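Here are the chains, one letter per residue:
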Amino acid sequence: MRKMPLILTIMLVATLLSGCTPASEAWTVVSPAPLPPTQNVLNPGRGFYDGANVDLLEPDQDAYARVRARGLTLAYPDATWLPTDRDLTQEELDALQRGFDLVRQSGFKLILRFRYSDKGDAPWNVITSQIEQLTPLIRENADVIAVLQAGFLGRWGEWHCWQASGECHDGATEKKYVLDKLLAALEGTGVPVAVRYPPEKARYLGDLQFDGYDSVPQPPAPVTGFADGLDGDARARIAHHNDCFLSSADDVGTYPNEPPERVEEWRSFVYAENRYLPYGGETCEAADSDEPSRSSGANALVEMESAHLDYLNADYHPQMLAGWKRDGAYDEMAARMGYRLVLEQAAWTEPARGQTWRLKLTVRNDGFSRLKRHYDVAVVLRRGDRTVELPLEFDLRRVEPGASVVFTSDRLDPLPAGTWRLGVAVRDPDQSLAGRAEYSIRFADKLDYDGVNWLGTIEF
């Protein structure tokens, strides 16, 4: 990993920057010291998630507060099970809304999946009726949903009926119904729907057909961009989740294995799609049951990087998690999961009175993955009790893992004469969360941060 200066240096420079700055311009250059590489940063939509404290049907403020107290910004409502024999009551719908409100108040987001039982699901008329009841709530609270896992069908809502002992649905028709409804509910929100088994996405999109998991053909071409760049194409709105990550050669049936080469074909397809789509889940064994060394700390780090892993359950499987801690890999996993944006350098011109000025940011990504959602970026200027924000057309999704990208904004508007504090804010695009520091992105640097990454001062 590249090392940065250990101290914050600020200097005035009259020179060319990247060959594109007039030599007469004076620049202030800031090179922040990065945080230690294993220090986790509580940034939204990434990292290990809480799988033990959140119940949307019985929201509890103390329990919800434990999510961020654990150093986590995501939670899965593991204790929330839907009734199997009836519609949701108004009291239950009200409780769910209180749960979403408390999530928002507590400053984290959800990995959300609705499900019925570990034995199966529910009668089809109950499932369809409850989906109709829940889709308005899903849409209303999309701001605090990081990923909506398709759910509703099969044991644990995982879309399979293997060893089910109760009523259970896992047919292509039922799966298409669920995806149709959830994609419609989240249209235009930027929240993806994730499926448990990769071939189901391809079948839903009409890319291939198969009768059973032992007859799945080769995967289609993976998605090649973000949803907003592909006109909202469903291909870029359906992600993958893996609830047996690193748990066997085929991740306990996650990938087709007939013929054997299908496993790596489909794994490669998923990992390629994960460049643009959020990906995560949980482990489900103490170690890879076929090749235990594959899930050891050092090898797991390599796999997480290859998978562009964004999130993983901090509570399951406890033995695999304990192994990573013994191997000394857990802290690095926690720090690098998802994106980890390091501000290598910031520079701005010293503007002449009444003249426009320029800003340049060099951002490196030390994470396993990258931002998968567009965040609003602004330069923030503060003097006394007055704050001015200037929007920047910077798309930080461009910073792929291991890469550095230079972002430049020319002709920024001047401000009234005086010394202004200067910083950069990276904010959630949902207006309900835009002013919240918990939902904004902190650079992994030793900078003052209060929802704004403060860089220095500028004189107008």
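The rules behind the values
Sequence order as written defines the numbering, with residues in each chain counted from 1. Per-residue local features are limited, in this predicted model, to residues with pLDDT of at least 70; the limit for side-chain atom pairs, both in listing and counting, is 80 or more; totals at the level of whole chains, interfaces and linings are taken over all residues. Where side-chain values are given, they derive from all heavy atoms of the structure, hydrogens and water being excluded. In this description, a disulfide is simply a cysteine sulfur pair whose atoms lie within 2.5 Å. With a 1.4 Å probe rolled over the protein chains alone, any residue whose accessible area is under 20% of its type maximum counts as buried; one over 50% counts as exposed, and the rest are partly exposed. Numbered from the N terminus, helices here are DSSP runs of H or I no shorter than four residues, and strands are runs of E no shorter than two. We define a nonpolar core as any set of buried Ala, Val, Leu, Ile, Met, Phe, Trp, Tyr and Cys residues linked to one another through side-chain atoms lying within 4.5 Å. Here, residues are in contact when the closest pair of their heavy atoms is within 4.5 Å. For this quantity, the arc is that covered by the directions from the helix axis to the C-beta atoms. Helix axes use the C-alpha atoms of the stretch in contact, all axes being lines fitted to C-alpha atoms, and the angles between their N-to-C directions lie in the range 0 to 180 degrees. Each angle is binned into one of four classes, with values under 35 degrees roughly parallel, values over 145 roughly antiparallel, values of 65 to 115 roughly perpendicular, and all other values oblique. By definition, any crossing whose near helix is turned counterclockwise from its far helix by less than a right angle is left-handed, and any crossing with a clockwise turn is right-handed. Charged means Asp, Glu, Lys or Arg here, nonpolar means Ala, Val, Leu, Ile, Met, Phe, Trp, Tyr, Cys or Pro, and polar covers whatever is left, Gly included. What pLDDT conveys is the predictor's confidence in a given residue, as a value from 0 to 100. Pairing between strands requires that DSSP locate at least two bridges from one strand to the other. Within this document, salt bridges are pairs made up of a side-chain nitrogen of Lys or Arg and a carboxyl oxygen of Asp or Glu, the two lying within 4 Å of each other.

### Some points on the state of the cysteines
Okay, so step 1: One pass over the full model with this rule turns up two disulfides.
Okay, so step 2: The disulfide bridge from Cys161 ends at Cys168, spanning 2.1 Å between sulfur atoms. One disulfide, between Cys161 and Cys168, carries an S-S torsion of -95 degrees and so falls in the left-handed class.
Okay, so step 3: On the basis of relative accessible area, Cys168 is assigned to the partly exposed category, the value being 22%.
Okay, so step 4: Put simply, Cys244 and Cys284 are joined by a disulfide, and their sulfur atoms are 2.1 Å apart.

### Things to note about the environment of Asn125
Okay, so step 1: With respect to the secondary-structure elements, Asn125 resides in helix α3 (residues 124-140).
Okay, so step 2: Distance in space between the C-alpha atoms of Asn125 and Leu246 is 36 Å, their sequence separation being 121 residues.

### A word on the nonpolar core
Okay, so step 1: Of all hydrophobic cores here, the largest spans 77 residues; its most connected members are Phe48, Leu56, Leu134, Phe152, Phe245, Trp324 and Met333.
Okay, so step 2: It is α3 that contributes the most residues to this core, six residues altogether.
Okay, so step 3: Apart from the residues lying within four places of it in its own chain, the contact partners of Met333 are Phe48, Gly297, Ala300, Leu301, Met304, Trp324 and Phe368.
Okay, so step 4: Within the second largest apolar cluster, 35 residues are counted, among which are Tyr339, Leu371, Tyr375 and Phe443.

### Comments concerning helix α8 (residues 318-326)
Okay, so step 1: Looking only at α8, the buried set comprises Met320, Leu321, Gly323 and Trp324. The arc that holds the buried residues of α8, viewed along the axis, is 155 degrees, so those residues lie on one side. Away from the buried face of α8 by more than 90 degrees, exposed residues Lys325 and Arg326 are located.
Okay, so step 2: Buried residues belonging to α8 abut β3 (47-49), α7 (297-307), β10 (311-313) and α9 (330-336).

### Thoughts on the packing of α3 against helix α4 (residues 172-185)
For any two helices packed against each other, the geometry comes down to the angle between their axes and how far apart the axes lie.
Okay, so step 1: One can describe the packing of α3 onto α4 by two numbers: an axis separation of 9 Å at closest approach and a directional angle of 15 degrees. What the angle tells us is that α3 and α4 run roughly parallel. Judged by the sense of rotation from one axis to the other, the crossing of α3 with α4 is right-handed. The residues of α4 that touch α3, namely those facing Trp124, Thr128, Ile131, Glu132, Thr135, Ile138 and Arg139, are Glu174, Tyr177, Val178, Lys181, Leu182, Ala184 and Ala185.
Okay, so step 2: Partitioned by chemical class, the residues of the contact of α3 with α4 number eight nonpolar, two polar and four charged.

### Structural notes on the environment of Thr224
Okay, so step 1: As for its position among the elements, Thr224 is in the loop between α5 (198-204) and β8 (238-242).
Okay, so step 2: Residue Thr224 is classed as exposed on the basis of its relative accessible area, which comes to 63%.
Okay, so step 3: A sequence separation of 48 residues divides Thr224 from Ala272, and the C-alpha atoms of the two residues are 8.6 Å apart.

### Some remarks on unusual backbone geometry
Okay, so step 1: Each neighbour pair has its own omega, and for Glu258 with Pro259 the value is -5 degrees, a cis peptide bond.
Okay, so step 2: Cis geometry is adopted by the peptide bond preceding His317, which originates at Tyr316 and carries an omega value of 0 degrees.
Okay, so step 3: Checked against the element boundaries, His317 lands in the loop between β10 and α8.
Okay, so step 4: Look at Trp159: it is not a glycine, yet its phi comes out positive at around 70 degrees.
Okay, so step 5: Among the structural elements, Trp159 can be located in the loop between β6 (145-149) and α4.

### Observations regarding the confidence of the model for the chain
Okay, so step 1: Averaged over all residues, the pLDDT of the chain is 94; the fraction at 70 or higher stands at 95%.
Okay, so step 2: Element-level mean pLDDT values for the chain span from 37 in strand β1 (residues 9-13) up to 99 in β10.

### A look at the sheet that holds strand β4 (residues 74-75)
Okay, so step 1: Pairing within the open sheet is parallel, and its eight strands lie in the order β3-β10-β9-β8-β7-β6-β5-β4. At either margin of the open sheet sits one strand with a lone partner, and together these are β3 and β4.
Okay, so step 2: As defined by bridge partners, β3 adjoins β10 across three bridges and the pair is classed as parallel. Across the sheet, the residue bridging to Phe48 is Leu312, located in β10.
Okay, so step 3: Along the sheet face, α4 touches β6, β7 (193-195) and β8 and points at about 155 degrees away from the line of β7.

### Looking at the sheet that holds strand β13 (residues 376-383)
Okay, so step 1: In space, the four strands of this open sheet follow the order β14-β13-β16-β17, with antiparallel pairing throughout. Two strands in the sheet have a free side with no partner beyond their single neighbour: β14 (386-392) and β17 (453-459). Each adjacent strand pair in this sheet contributes to an overall mean axis angle of 25 degrees, direction not counted.
Okay, so step 2: In terms of strand pairing, strand β16 (residues 419-427) meets β17 through six bridges, oriented antiparallel. Its bridge partner lying in β17, Trp420 is registered against Ile458.

### Some thoughts on the environment of Asp331
Okay, so step 1: Tracing the backbone through its elements, the reader meets Asp331 in helix α9.
Okay, so step 2: Sequence separation of Asp331 and Thr38 is 293 residues, and the distance between their C-alpha atoms is 5.4 Å.

### Considering the pattern of salt bridges
Okay, so step 1: Across all of its chains, the model carries 40 salt bridges by this definition.
Okay, so step 2: We note a salt bridge from Glu265 to Arg262, for which the minimum N-O separation is 2.9 Å. One end of the pair, Glu265, and the other, Arg262, are both in helix α6 (residues 262-273), three residues apart, so they sit about a helical turn from each other.
Okay, so step 3: Among the residues examined, Arg262 registers a relative accessible area of 14% and is labelled buried.
Okay, so step 4: For Glu400, the salt bridge is made with Arg370, and the minimal N-O distance between the two is 3.9 Å. With Glu400 in the loop between β14 and β15 (404-412) and Arg370 in the loop between β12 (357-365) and β13, the pair connects residues that are 30 residues apart, well separated along the chain.
Okay, so step 5: The structure contains a network of salt bridges with shared partners spanning Asp251, Glu264, Arg267, Asp288, Arg294 and Glu303.

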